[in-house]
Each structure stands twice: as C-alpha cells, then as structure tokens.
Amino acid sequence: ENEEMLKGQPAPQAAIDYYIEGDMYMFDEFQTTCEMRRPKIENLYDVFVAIRDDEAAHVETMKALQTELDVASIHDGECEVDIF
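Report follows, based on the coordinates. (Residues numbered from 1 in each chain as written. Predicted model: local features only at pLDDT ≥ 70, side-chain atom pairs only at ≥ 80, totals over all residues. Heavy atoms only, no water.)

## Some details on the pattern of salt bridges
When their charged atoms lie close together, side chains carrying opposite charge are able to pair. Definition in use: Counted as salt bridges are all cases of a side-chain nitrogen of Lys or Arg within 4 Å of a carboxyl oxygen of Asp or Glu. Any residue under 20% of the maximum accessible area for its type is buried, any over 50% is exposed, and the rest in between are partly exposed; the area is computed with a 1.4 Å probe on protein chains only.
Here the structure, examined in full by the defined rule, presents 5 salt bridges. For Lys40, the salt bridge identified is with Glu42, shortest N-O distance 3.9 Å. Take Lys40 and Glu42: they sit in the same class, and that class is exposed. Asp46 is the partner of Lys40 in a salt bridge, and the nearest nitrogen-oxygen pair spans 3.5 Å. Overall, Lys40 belongs to the exposed group, its relative accessible area being 51%.

## Considering the nonpolar core
For clarity, the threshold we go by: We call a set of buried Ala, Val, Leu, Ile, Met, Phe, Trp, Tyr and Cys residues a nonpolar core when their side-chain atoms join them within 4.5 Å. By the criteria applied, helices consist of DSSP H or I runs no shorter than four residues and strands consist of E runs no shorter than two, each listed in order from the N terminus. Throughout, a contact is declared for two residues whenever any of their heavy atoms are within 4.5 Å.
Residues Ala11, Ala15, Tyr19, Ile41, Val47 and Ala50 constitute the largest nonpolar core, which totals 6 residues. When residues of this core are traced back to their parent elements, those giving at least two are helix 2 (13-21) and helix 4 (44-67). Apart from residues lying up to four places away in sequence, Ala15 is in contact with Ile20, Ile41 and Val47.

Treat this as a map of the structure, not an account of what it does.
Structure follows, in structure tokens:
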C-alpha cells in the first residue's frame, strides 16, 4: 500500500551505517546457511525489507540453535563464499 511512498524516501543514515558501511563480521556470523547477505539499501523501502529479512534469519538461527549446535559462518572455513 505504501511501497511507492517508501521507495521515494531516502534511507536513514543509521541503516546505511549498519547495512553498507558497518563492520560486517558479526552480520555474517551465526547464520544457518553459507549465503552471504548484503541487502541493497537505496531507500526507506529497502530498509524495511532488510529488517524483515534480518528478523527471518534470526528466527532460523534460533531454531537451529534449539535443535543443533552447528551453525555456519563464512569465517570458519566451512563455507565456500566468494567475498569479492
């Protein structure tokens, strides 16, 4: 309903700092997949999408931690991810 209006609004600096310019090490830790997540943040709509996707990833991580103790990290050599 408000998608177009949100797409017309700039992304807050806090979202740019977190998703684009921040320390991505912890962003990649404790994932349930070996997929590297780098959301595009071009407007306020993208921020809401990134937050939604983050929360969904947190749910999957919490489910995995309740049922198994093995979570993936691109930093432990277990995942084959092309960082650049």
